[in-house]
Amino acid sequence: MDNSVDLMRRRSLLLGGLAVAGSTAVLATSAAGQSMQGHDMASMSDPEELPADPYAAPGAHEGGHGQMTTVGTVDHQQNGFDPTAMLTEWDVGTVSTMDDGRTLRTFEVEAIDKEIEIAPGVVFPAWTFNGRVPGPALRAKEGERLRIVFRNYGSHPHSMHFHGIHSWRMDGVPGSGLINPGEEFVYEFDAKPFGCHLYHCHAFPLKRHMHKGMYGAFVIDPDPDLHPEYADVARSRLLGTPENARWQELVMVMNAFDTNFDNENEFYAVNTIANAYSQKPIRIEKSRPVRIYLVNATEFDPINSFHLHANFFNYFDTGTTLTPTLRTVDLIMQCQAQRGILEFNYADHEAGMYMFHGHQSEFTELGWMGMFDIVEA
Amino acid sequence: MTELAPSSNASSGLRRFLWLLAPLLVLAIAIAWIAAADPLRSFNNGAPPVETITFERTVLNDGGIRVQIRAGGSEDMTVAQVQVDDAYWNFSMAPAGPLARGSTAWIDIPYPWVLGEAHRVKLVTNTGTTFEHEIAVAVPTPVATQGQLVQQAIVGAIVGILPVAIGLMFYPAMRNVGTSGMGFVLALTVGLLAFLLVDMTFEALELAAESAPLFQGPAMVILAALATFLILMGISRRGGRPEGLALAFYIAFGIGLHNFGEGLAIGAAFATGSAGLGTFLVLGFAIHNVTEGIGIAAPIVRQKPHLWAFVALTLVAGAPAVLGMWIGSLAYGTQWSALALGVGAGAILQVMVEVTAFFLRGSGRQRQSWLSPPVLSGFLTGVAFMYVTAAVIKV
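What you see is a predicted model, and the numbers here were worked out from it, not measured in a lab. (Residues numbered from 1 in each chain as written. Chains lettered and ligands numbered in written order. Predicted model: local features only at pLDDT ≥ 70, side-chain atom pairs only at ≥ 80, totals over all residues.)

Chemist: Would you explain the overall build of chain B in this entry?
Modeler: Check the secondary structure of chain B and you find 10 helices and seven strands. Going through the 395 residues of chain B one by one, you find that 48% of them count as buried. The contacts of chain B with a sequence gap of at least 6 include a subset with a gap of at least 24, amounting to 82%. (Helix = DSSP H or I, 4+ residues; strand = E, 2+ residues; numbered from the N terminus. Buried ≥ 20, exposed ≤ 12 C-beta atoms within 10 Å, placed from the backbone. Contact = placed C-beta atoms within 7 Å.)

Structural data, given as structure tokens:
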């Protein structure tokens, strides 16, 4: 007879019951409900000393996320990669000239099993390229010959499957560059088409190899000589040119982690570390334009998105065009493995903190949220 | 066999010894089974380390959500992050740091929960394992203010003391019943006790299933019941077989433990907000429990106890409901409720045995069969009445 009470979840009965018990008056004083709690303004002066009032609007010192955040800090040193540094880290390989005069660009990538801290205190048994998740952001120039020396030091067969144009023999699927632990394979192809691409392991089961961390950005800059009608635009995209140096380029790989292996993600992020950029905002100089190479490597969820606060941007889907495929938007969607380039600036904005996040609220609240710290410069 | 015959002292002693040996043997087997079986249920995937977290208490107040957890890992466990409703939330933990197997900690989450709505708390450990706790209906957890305690005592009195008192008021009417009527009333008592035994046992096992695995809930309940049964049998048989007022007090004690469990459940329902404690429900409890008073009165219909005895019987049987309300509303771990109910089940079993023995001794003198129509109908009426009135309070 007693346990029946536990099973009762009907709120109509609940309200009646509380009235019968005569405790309504007592409970009402502490019931927060949907109404705002009146709070003592004096307490605002010393917020650190007092326990947080969950019903009070967070102050500016709480960094835009308020109480909605992971707790603690990640040991980036131990991980061997830092999400802030990762934003601007490009692996350009080593360059040589072939007999026919073309440029040969060689990358070296190793598959390594590695435990990484994806959120404060949460260790994930990752499969990595070069010990980091996402793997190195490879960058080349349109038309170059690319050679990627891939060695598998992991515990499972792996491959590098590039989204690009190449022979079937270089595709990184079973039978063409999917190698066993201890083996080596050299992928070789021309860098085309220009754009914002990705590579990932194509071993099966695919979902597992993906969400364990085997993916990375693969950017091919346009060759201005091949696009005379938009040579200026192409030059601004080509790493190493003065035109490109003006831009503040960031590479962001949207990813997520299923830490309990139930095919649903527990943590969402850009560049692996949940809440990394909300706890340490990305410094942006307002006088210089911003270009984001955005890649969606999220597993399990079909779609991820990018929403920019208080600003709009131009979008180049897959980055394979020199004119925007979408103009003046503040939100884009990407399905799994979709990617593109975002261009915007804060030239006319007031300096301060500007938020960006995936606009699936669930992803936002599970770590995929960050801040741009716009500074006068 | 006559209890007082000196010639049968030796055989009687042997019989008593055997009486005690049989349940002890069962107890030993149960203990061996516990030792052999893995008490950690979650040990089913071979992935080291095994981690278990049980949510024992949930407190909702102005400061947000507080949960008390108990770790049951094969190694020390660390809570790394806390989600509420699929959002990572700021939290603090006391004591901070890794949790040893069996230890508890409070987690404070300044989360703006919404009155009357559901919330889910999910803990992520350092290995990425998650543990979820549902708050089915969020209401402020009662605090032990004087006013609150008084109001809970009133509800406790309505479901505990009042019905027992009403049941005892049948006493004058019961005094005039004949042999058949007496058989009916005693059988009715055994019937209602049988219902309480079954009901309490299942409820205890249900609560045990919710408690931390290291308590080995089901075994704890069964062993607690067996131990209580043995202890009470041992005590009650020291001065001969209990009859009359003594038996009435044993019944009152057993029913008191049952009402304590009932109070715990109602109080816990208050605390968790899952209480659908409508007027009809409280009345249902009251009607349901009236039979308890009749049962207590049954052994004393041939006696003339003082009025104080009736008061004492009422309080022994009914007052624990008030105590249960108070303790239950403070949202203690379910294992304690399961243990209390297990003890209660043992006590009920003991009075079932004693009332049956009392009846058989009486019927021996009066040639009334256990299967005679008045007795059988009494037993079935007791069970049926409890079953039907219980339907009102089951939702």
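Having seen the model, we can carry on.
Chemist: Could you clarify how one ought to interpret the overall build of chain A in this entry?
Modeler: When its secondary structure is counted, chain A shows 10 helices and 20 strands. The proportion of buried residues among the 377 residues of chain A is 44%.

Chemist: Would you take a moment to explain unusual backbone geometry for this structure?
Modeler: Residue and element names in this part refer to chain A. The residue after Lys 192, namely Pro 193, is reached through a cis peptide bond having omega -5 degrees. Within the secondary structure, Pro 193 sits in the loop between strand S7 (184-190) and strand S8 (195-200). Looking along the chain, the bond that leaves Phe 204 and enters Pro 205 is cis, with omega of 0 degrees. Looking at where Pro 205 falls in the secondary structure, it is placed in the loop between S8 and helix H6 (206-211). A positive phi angle, close to 55 degrees, is found at Asn 130, a residue other than glycine. Inspection of the secondary structure assignment puts Asn 130 in the loop between strand S3 (122-129) and strand S4 (138-141).

Chemist: What's the story with the domain arrangement of chain B in this structure? I'm lost.
Modeler: Much of the literature gives interface size as the accessible area that the parts lose upon coming together. Residues and elements named next belong to chain B. Each assigned domain of chain B is listed here: domain 1 (14-36 + 142-393) and domain 2 (53-135). Between domain 1 and domain 2, the residue contacts involve eight residues of the former and eight residues of the latter. Residue composition of the side of domain 1 that touches domain 2, grouped by class: five nonpolar, three polar and no charged. (Domains from an automatic or database assignment. Nonpolar A, V, L, I, M, F, W, Y, C, P; charged D, E, K, R; others polar.)

Chemist: Before we go on, may I ask you to explain the sheet that holds strand S10 (residues 248-257) of chain A in this structure?
Modeler: Strands in a sheet are paired, the pairing made by backbone hydrogen bonds, and the direction either parallel or antiparallel. Residues and elements named next belong to chain A. The six strands are arranged S11-S10-S13-S18-S15-S16 in an open sheet whose pairing can be described as mixed. Sheet topology places strand S11 (267-270) and strand S16 (326-329) at the edges, where each strand pairs with a single neighbour. Mean inter-strand twist for the sheet, computed between neighbouring axes without regard to direction, equals 20 degrees. Looking at chain direction, S10 and strand S13 (residues 290-296) are connected through seven bridges and run parallel. (Pairing = 2+ DSSP bridges. Axes fitted to C-alpha atoms, helices over the stretch in contact; angles between N-to-C directions.)

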